[in-house]
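# What the coordinates show
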Amino acid sequence: MDQALQTSLSERYSQQLYRERLTLDSAQGPEVIIDGKSYLAFCSNDYLGLANHPDVIQSFQKAANQYGLGSGASQLIVGHCRSHCLLEEELAEFTGRERALLFSSGYMANLGAMSALLNRGDAVFQDRLNHASLLDAGRLSGARLQRFRHRDLQHLEACLTSSKGHRKLIATDGVFSMDGDRQELTVLSKLASEQNAWLMLDDAHGFGVLGKNGRGSTNEFQLTQNEIPILMATLGKSAGSFGAFVAGSDALIETLIQFSRSYIYTTALPPAVAEATRTSLRILARDDWRRDHLKRLVSLFREECLNRNIPVSESDTAIQPVIIGDIDKTLKISRLLFEQGILVSAIRPPTVPIGSARLRITFSASHTVSQVERLVDVLSRMPWQSINCAA
Ligand SMILES: *Cc1c(COP(=O)(O)O)cnc(C)c1O
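Residues numbered from 1 in each chain as written. Predicted model: local features only at pLDDT ≥ 70, side-chain atom pairs only at ≥ 80, totals over all residues. Heavy atoms only, no water.

A word on the site of the ligand. Taken together, 13 residues are adjacent to the ligand, and Gly-106, Asp-202, His-205, Thr-234 and Lys-237 come closest. Within the backbone of Tyr-107, one N or O atom sits 2.9 Å away from an oxygen atom of the ligand. With respect to the ligand, the side chain of Thr-234 contributes an N or O atom lying 2.7 Å from an oxygen atom. Here the ligand loses 84% of its free accessible area of 380 Å² to cover by the protein chains. The residue makeup of the shell around the ligand, split by class, is 2 nonpolar, 8 polar and 3 charged. (Near = heavy atom within 4 Å. Polar contact = N/O pair within 3.5 Å; in protein donor to acceptor, adjacent residues only side chain to side chain. Areas by Shrake-Rupley, 256 points an atom, 1.4 Å probe, with all protein chains shown as cover. Nonpolar A, V, L, I, M, F, W, Y, C, P; charged D, E, K, R; others polar.)

Our next topic: the pattern of salt bridges. Counted under the stated rule, the structure contains 15 salt bridges. Across the pair Glu-304 and Arg-308 runs a salt bridge, and its minimum N-O distance is 2.9 Å. Among the ionic contacts, a cluster of salt bridges with common partners joins Glu-90, Glu-275 and Arg-278. (Salt bridge = Lys/Arg side-chain N within 4 Å of Asp/Glu carboxyl O.)

Our next topic: helix H10 (residues 250-259). Turning to H10, its buried residues are Leu-252, Ile-253, Leu-256 and Ile-257. Each buried residue of H10 lies within a common arc of 135° when the element is viewed along its axis, so the set occupies one face. In this structure, H10 carries Ala-251 and Phe-259 as exposed residues pointing more than 90 degrees from its buried face. On its buried face, H10 sits against helix H3 (75-79), strand S3 (99-103), helix H5 (106-117), strand S8 (230-234), strand S9 (244-248) and helix H11 (261-264). (Buried < 20%, exposed > 50% of the residue type's maximum accessible area, 1.4 Å probe, protein only. Helix = DSSP H or I, 4+ residues; strand = E, 2+ residues; numbered from the N terminus. Arc of directions from axis to C-beta. Contact = heavy atoms within 4.5 Å.)

Quick look at the sheet that holds strand S4 (residues 123-127) now. With respect to topology, 7 strands assemble into an open sheet ordered S3-S9-S8-S7-S6-S4-S5, the strand pairing being mixed. The outermost strands of the open sheet, each flanked by one partner alone, are S3 and strand S5 (144-148). Taking the axes of each pair of neighbouring strands and ignoring which way they run, one obtains an average angle of 20° across the sheet. Two strands pair when backbone bridges link them, and strand S6 (residues 168-173) and strand S7 (residues 198-202) are joined in this way by 5 bridges, in the parallel orientation. By the bridge assignment, Leu-169 is partnered in S7 with Trp-198. Sitting on the sheet, H5 is in contact with S3, S4, S6, S7, S8 and S9, with an inclination near 175° to S7. (Pairing = 2+ DSSP bridges. Axes fitted to C-alpha atoms, helices over the stretch in contact; angles between N-to-C directions.)

In terms of domains, the protein is made up of domain 1 (18-48 + 288-386) and domain 2 (54-286). Once you take the C-alpha centre of each, domain 1 and domain 2 turn out to be 27 Å apart. Taken together, the 21 residues of domain 1 in the interface contact 21 residues of domain 2. Both faces considered, domain 1 and domain 2 share a buried interface measuring about 1,500 Å² in area, 55% of it formed by carbon and sulfur atoms. Put simply, domain 1 and domain 2 have 2 salt bridges between them. A salt bridge links Asp-316 to Arg-182; the nearest nitrogen and oxygen atoms lie 3.1 Å apart. Inspection of the region where domain 1 meets domain 2 yields 10 residue pairs in polar contact (both at pLDDT 80 or more). At the level of secondary structure, the elements contributing two or more residues to the side of domain 1 that touches domain 2 comprise helix H13 (288-307), strand S10 (319-325) and strand S13 (357-362). Broken down by class, the residue content of the side of domain 1 that touches domain 2 amounts to 9 nonpolar, 4 polar and 8 charged. (Domains from an automatic or database assignment. Buried area = accessible area lost by both parts, 1.4 Å probe.)

Further remarks concern the side chain of Arg-358. As for its placement among the helices and strands, Arg-358 is situated in strand S13. Relative accessible area serves as the criterion here: at 2%, Arg-358 is assigned to the buried category. At 3.0 Å, the side chain of Arg-358 forms a polar contact with the side chain of Asp-179. In contact with Arg-358, not counting residues within four places along its chain, are Met-178, Asp-179, Pro-321, Val-322, Ile-323, Ile-324, Thr-330, Ser-345, Ala-346, Ile-347, Val-352 and Pro-353.

So, on to the pairing of S6. Counting buried residues along S6, 6 of its 6 residues qualify, which places the element largely inside the surrounding structure. Alternating positions in S6 separate into two faces, Lys-168, Ile-170 and Thr-172 on one and Leu-169, Ala-171 and Asp-173 on the other, with burial throughout. Bridge count for S4 against S6 is 4 bridges, and the pairing is parallel. Note on S6: the bridge partner recorded for Val-124 is Leu-169. Between the parallel elements S6 and S7, the chain passes through helix H8 (residues 185-194) in a crossover that is right-handed. (Right-handed = clockwise from strand over helix to strand, strands pointing away.)

For the rest of this paragraph, the subject is unusual backbone geometry. Peptide bonds are, in most cases, trans, and in most cases residues other than glycine have a negative phi. Omega for the bond connecting Pro-349 with Pro-350 falls within 30 degrees of zero, at 5°, which places this linkage in the cis form. Tracing the sequence through the fold places Pro-350 in the loop between strand S12 (345-347) and S13. Of note, the phi angle at Arg-151 is positive, near 60°, even though the residue is not glycine. By secondary structure assignment, the location of Arg-151 is in the loop between S5 and helix H7 (153-162). If you check the backbone angles, Asn-213 has positive phi at about 55° while not being a glycine. By the element assignment, Asn-213 lies in the loop between S7 and helix H9 (217-220).

As a further point, take the packing of aromatic side chains. Applying the stated criterion to the full structure yields 7 aromatic pairs. Geometrically, the ring pair formed by Phe-103 and Tyr-263 is edge-to-face, given 5.5 Å between the ring centres and 65° between the ring planes. Taken as a pair, Phe-103 in strand S3 and Tyr-263 in helix H11 lie far apart in primary sequence, 160 residues in all. Residues Phe-103 and Tyr-263 agree in their burial class; the two are buried. Considering the side-chain rings of Phe-207 and Phe-245, the 5.3 Å spacing of their centres and the 65° angle between planes classify their relative orientation as edge-to-face. With a gap of 38 residues between them, Phe-207 in the loop between S7 and H9 and Phe-245 in strand S9 connect regions that are remote in the sequence. (Phe/Tyr/Trp six-rings, centres within 6.5 Å; stacked < 30°, edge-to-face > 60°.)

In C-alpha cells form, the structure reads like this:
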C-alpha cells in the first residue's frame, strides 16, 4: 500500500502542490508562535477576533464545569442538550428565520442539507467558485451537478431553462472564500423564484461581518426566508467558535432532522462549545466597533496597495487576495514574507482554479492599523516586477 501511496505523493510533490502544516504554540490572534518565533498572521478566518475573547473562554469553562466535555451521543439519541436548543433559537432569531439546526461543522452542514433535499433525477446548480464543501455535497446528493460561470447569472439562467431536473436547487457562496467577492443575491433570488428553483446560500464569510449587527448577507440585502429558503453558515469563522447551522422554515429543519445523514450519524457538539458560541453571538451582535474597525483596516490596506502597485483583486470584504497565477512564484513570495515574520497563506490548485495561485490575505478586527501598515510595507518590498502577476 505505502508504495502505491508514495507514487501519488511524489507526483504531488513534484507539481509543487504538496501541503504542509504549520504547528502553532499559541492561541489564534494577530500574533502567533511557531517554532518559538512570533509571526504576524494574516490568514485566519477569525474576522472579529472572538476566538480568544475572555468572555467566550469563561462561558466555555463554566459550561464545562456544569456539563462536562463530551456530549456522549448523537443529537437524536441523548446528545441534544439545553445549550444546543437555546443556541438554535438564538440563531433563528438572529438570522430572521423560523428555525435553525446545529451541525458539527460547515462541511457537514452542506453535505447533510443537500443530500437530504436532493436525489437522483434532481439537478443542482453551482457557481464554479463555490466552496469545496458545496461542490462535494452536490456530488454526494446524486443529483445532476451543473456548474455555472463565476457570478454569471445569465449562464445560470440558460442552465436552468434547459434543465430537466425534477427538483432544481441553486447553491452559492455569499462571499467567495478565496476571492472575497460576492454573489448578486437579489438578482439571484428573483431568478430562482422565476425558475421555480430552490436557493441555498452558504454565508460562511458573510455571517457576523455583513448586515446590521452582523446578521449576514441576507440581512444586508433584506432577503427573507421566502427569498432565500436555505441559509447555512459556519460558527468557526467570525463567531470564533466551532460548528455550523442551517436556518429556514420549520419544514426544512424537520426534513434535515429526519433525513440528513451528517446530522443523524455523528456525535453532538460538546455543550460547552454551544454555550461559548452563545456568548460569542451576543458579543458579535453588540460590538459594531469590530465590524467598523475591520472595514477601516480593509480600506486602508487597499488604498496603500493601490498606491504602491501591489496587485490586489477587486474585493471589499476581509478576504483580500493577491492573484499571482504561477505556483512557484506564489510559494516564493509566501516564503519571503515568512522570513520577514509575516504569515500569509499561499493558495494553490485544486483549492483555486489552475493558473490562479494566490496569496490569500485576511484581516481581523483584532489587527491594529500599524500591523496592517507593516504588512503593506513588507509586501511593497517583494519582487513583484519579476513576478508579472496574472491580475
Ligand atoms: C469554511 C467554509 C465552510 C466549512 O465550514 P467549517 O465549519 O469550517 O466546516 C463551508 N463553506 C464555506 C464557504 C467556507 O468558507
